[in-house]
Amino acid sequence: MKILFVDDEEVIRDLFQEIFGSEYELVLAGTAEQGLTLAESETFDLIITDIRLPRMNGIEFITKLREKGVDTPFIVITGNQDIQISINALRLGAVDFFLKPFRMEAIRYSLLRFKNLFYAGKDLVDKRMFQVRESRQKFALLPRLGNLNQYVHLILKSLSHLPNLHSEDQLSLKVALYELIGNAIEHGCARINYHQKQELMFQENDYFSYVDKICESKEEWIKVEVDYDDTRVTVILEDGGDGFDPARVPDPVQDPNASQLSGRGIFLVRMNVDSLSYNDKGN
């Protein structure tokens, strides 16, 4: 995966290169202007940018990219005092955000989750020649985090033909499905609560495999129903877990530090869909 990393602090750029340079193809920029030139001349799978940059800030940088037709997914780096700015970034299509001082484990986890998420759906058919007007599909997924990217791609594959579904809509659906199905696997099937996840992320070298081993010992499926017409997409997701209280999940607006590894998923989903609701079971 090719990543453009934009940060005006050289020490941060060097640290990011040292930690992730062997895992990803990285291009570093110290200003938004440099990032803009690079993003226009090269193709990236993901952009990570600091909010506070000299002359042109991160939001202005992404806005200019969008105006030029560059719709590369992006992650923003921000401070606690800029949380409202981060929310505006999410509305522009950010797929995640990190708070300074951030933990590299949190970034590594996010990059792993989204590593293959941005490759699907690039070869779209001409919508004027083929349109899906209405459909209902039901899917059953074995809970495996290792298959998460493929699950999301398969579910969204037919949606790419909808006449009114734009690229930003597809990205929003990808983010929402990735987070919700991931939660169903981790918390619904594996029964890992948010506190346990915080601990396991630092204890297990391969958290994904750890979760999948738990799920393999159970005979459970995750059910996903997708209803759509030419104006809206409705997704219903159900797992076999005991459920949870969404109100007790950390809210990054109210408690930024509590959501470094947990709670951000629900927040990201709410920022990417028109409505999100849970049943009495918290499902």
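Residue numbers run consecutively from 1 along every chain, following the written order of its sequence. Confidence filtering applies because this is a predicted model: local features only for residues at pLDDT of at least 70, side-chain atom pairs given and counted only at 80 or more, and all residues used for totals across whole chains, interfaces and linings. No hydrogens and no water enter the side-chain calculation; it runs on all heavy atoms of the structure.

Novice: Could you give me a rundown of the packing of aromatic side chains, with the residues and numbers involved?
Specialist: Pairing of aromatic rings covers Phe, Tyr and Trp, the last counted by its six-membered ring, and requires centre-to-centre distances within 6.5 Å; plane angles under 30 degrees mean stacked, over 60 mean edge-to-face, and any other angle means tilted. Tallied over the full model, the rule gives 5 aromatic pairs. Between Phe5 and Phe16 the ring centres are 4.0 Å apart and the planes differ by 15°, which places this aromatic pair in the stacked class. With Phe5 in strand E1 (residues 2-6) and Phe16 in helix H1 (residues 10-20), this residue pair connects regions lying 11 residues apart in the sequence. For the pair Phe5 and Phe16, a shared accessibility class is recorded, and that class is buried. Judged by centre distance (6.0 Å) and plane angle (80°), the ring pair of Phe97 and Phe267 falls under edge-to-face. With a gap of 170 residues between them, Phe97 in strand E5 (residues 94-99) and Phe267 in helix H10 (residues 264-272) connect regions that are remote in the sequence. A run of H or I in DSSP becomes a helix once it reaches four residues, and a run of E becomes a strand once it reaches two; helices and strands are each numbered from the N terminus. The buried label applies to any residue whose accessible area, calculated with a 1.4 Å probe on protein chains only, is under 20% of its type's maximum; exposed applies above 50%, and partly exposed to all values in between.

Novice: A description of the layout of surface pockets should follow, citing residues and the corresponding values.
Specialist: Quantified by volume, the largest pocket comes out at close to 1400 Å³. Cavities and pockets are found on a 1 Å grid laid over the protein atoms alone: a cavity is a set of points where a 1.4 Å probe fits but cannot escape, a pocket is an open set with protein on both sides within 12 Å along at least five of seven lines, and a lining residue has an atom within 4 Å of such a point. Along the walls of the largest pocket sit 48 residues, with Leu180, Val235, Val269, Ser275 and Leu276 positioned nearest its centre. Elements with a contribution of two residues or more to the lining of the largest pocket: helix H7 (167-189), helix H8 (194-203), strand E8 (233-238) and H10. Tallying contributions element by element places H7 first for the lining of the largest pocket, with 10 residues. In terms of residue class, the lining of the largest pocket is built from 20 nonpolar, 17 polar and 11 charged. Grid points are joined across faces, edges and corners, and a volume is the space filled by probe spheres set on the points. Three classes are used: nonpolar for Ala, Val, Leu, Ile, Met, Phe, Trp, Tyr, Cys and Pro, charged for Asp, Glu, Lys and Arg, and polar for all others, with Gly counted as polar.

Novice: An account of the packing of helix H5 (residues 104-114) against H7 is requested, with residue identities and associated values reported.
Specialist: Running from N to C, H5 and H7 cross one another at 105°; their axes reach a closest spacing of 12 Å. Considering the angle they form, H5 stands roughly perpendicular to H7. Of the residues in H7, those in contact with Tyr109, Leu112, Arg113 and Phe114 of H5 are Tyr178, Glu179 and Glu186. For the contact of H5 with H7, the class distribution of residues is 4 nonpolar, no polar and 3 charged. Note on geometry: axes are lines fitted to C-alpha atoms, helical ones only across the stretch in contact, with angles between N-to-C directions running from 0 to 180 degrees. Between 65 and 115 degrees an angle is taken as roughly perpendicular, under 35 as roughly parallel, over 145 as roughly antiparallel, and anywhere else as oblique. By the convention used here, residues are in contact when the closest approach between their heavy atoms is within 4.5 Å.

Novice: Please give an account of the sheet that holds strand E2 (residues 25-29) that cites residues and values.
Specialist: In space, the 5 strands of this open sheet follow the order E2-E1-E3-E4-E5, with parallel pairing throughout. Each edge of the open sheet carries a strand with a single partner, namely E2 and E5. Strand after strand, the sheet turns through a mean of 20° between neighbouring axes, direction not considered. Only strands that DSSP links by at least two bridges are regarded as paired with each other.

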